[in-house]
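Single-letter residue listing:
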Amino acid sequence: MRRSMEKYSLVKVIGEGSFGRAVLVRCKSSQEKYVVKEIQLPKNQSKLENSRREAILLSRMKHPNIVAFREAFEADELLWIVMEYCSGGDLLQRIKQQKSNQFSVDNILKWFAEMCAGAKHIHDQRVLHRDLKSKNIFLTDNGTVKLGDFGSACILNSSKAYAHAYVGTPYYVAPEIWDNKPYNNKSDVWSLGCVLYELCTLRHPFQASSWKSLILKVCRGAYPPLPSHLPYELQYLVKQMFKTNPKDRPSLHTILTSHRVSKLLRTHL
Ligand code: ADP
Ligand code: MG
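Residues numbered from 1 in each chain as written. Chains lettered and ligands numbered in written order. Predicted model: local features only at pLDDT ≥ 70, side-chain atom pairs only at ≥ 80, totals over all residues.

- Per an unreviewed UniProt entry, the protein chain goes by NIMA related kinase 3 and derives from Haplochromis burtoni.
- UniProt annotates the protein chain under Sequence similarities (unreviewed entry) with the comment "Belongs to the protein kinase superfamily. NEK Ser/Thr protein kinase family. NIMA subfamily." (UniProt positions renumbered as here; feature names shortened; annotations may be inferred.)

Below is the structure:
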């Protein structure tokens, strides 16, 4: 098994988290760069399944707007997931770089359409991402958006979708999750609504100084209105994605094919 990692040489560590680390590597034969996510494998059997799920689910995806899986292997209580390297960094960094300089409507819509196409592909495989946020959306060198970090992903309607222990940044979490309802495809739509809003304003839609007031705002769907110079269709879209009842929220299929949105995308892209 070790031999599998020997075909790569380490360039630098690019991220460190509770799981282990993300490392930029170079393939010795092709000189291509890849990212390797190195995950410490737990001894407990059910936790072991959880760790392996990320590699299994990512390997099932094949879409221009999802980080491409290359290979995965295990050795010495470590799991390595080798994937495409997105050299443009993550969308959160990109948003921060803007300072107070707004993105153009064309730019917002291009990235939004790309992330919806990626997320629709995930849902079409009956998988939920469950951690869509600007930090888990990566950019390639030519500015294409790719969804990554399948560390929280699960199969739709699996027991995991019900047992949702939330850990992480709370800004993107849909109201039904705070209400202890199961995670569903519309919860991912809510999170993408948060990213769309962030692209439009460079701020989170739901922000507060305490968890309690944040959760209250999310559960009421109370967010500051978008700047009035943005097209009406964009304001309408955000409003639909922030419907507090998941049944009232559009699916990704509806978003990508609805008359209003496709008209908006046609006009701007
Ligand atoms: P986690 O959020 O669980 O720590 P991620 O999969 O999001 O793990 O990876 C951690 C960090 O590593 C990311 O925030 C990003 O900066 C970097 N990273 C991960 N995958 C890639 C990739 N394919 N291309 C570029 N950077 C990546
Ligand atoms: Mg992440």
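What follows picks up the thread again.
1. Quick notes on the environment of Arg53
- The residue Arg53 is located in helix α2 (residues 45-60) in this model.
- For the pair Arg53 and Cys154, spaced 101 residues apart in sequence, the C-alpha separation works out to 7.6 Å. (Helix = DSSP H or I, 4+ residues; strand = E, 2+ residues; numbered from the N terminus.)

2. As for the site of ligand 1
- Close contacts around ligand 1 come from 19 residues, with Gly15, Gly17, Ala22, Cys86 and Asp149 the closest.
- Counting only elements with at least two residues in the shell around ligand 1, the list comes to β1 (8-17), β3 (33-40) and β5 (78-84).
- Ranked by the residues each element gives to the shell around ligand 1, the list is headed by β1, at three residues.
- Here the residues of the shell around ligand 1 sort into nine nonpolar, five polar and five charged. (Near = placed C-beta within 6 Å. Nonpolar A, V, L, I, M, F, W, Y, C, P; charged D, E, K, R; others polar.)

3. Focus on α2
- Here α2 is 16 residues long and its end C-alpha atoms lie 22 Å apart, about the 22 Å a rise of 1.5 Å per residue gives.
- When the local axis directions of α2 are compared, the greatest deviation, roughly 30°, occurs at Arg52.
- Within α2, the full set of buried residues consists of Glu54, Ala55, Leu57 and Leu58. (Expected span 1.5 Å × (residues − 1). Bend = angle between axes of the 7 residues up to and from the residue. Buried ≥ 20, exposed ≤ 12 C-beta atoms within 10 Å, placed from the backbone.)

4. Notes on the packing of helix α7 (residues 185-201) against helix α9 (residues 232-241)
- Between α7 and α9, the shortest axis-to-axis distance is 9 Å and the interhelical angle comes to 145°. Crossing angle aside, the handedness with which α7 passes α9 is left-handed. Of α9, the residues touching α7 (which contributes Val189, Trp190, Leu192, Gly193, Leu196, Tyr197 and Cys200) are Leu234, Val238 and Met241.
- Grouping the constituent residues of the contact of α7 with α9 by class yields nine nonpolar, one polar and no charged. (Axes fitted to C-alpha atoms, helices over the stretch in contact; angles between N-to-C directions. Left-handed = near helix turned anticlockwise from the far one by under 90°. Contact = placed C-beta atoms within 7 Å.)

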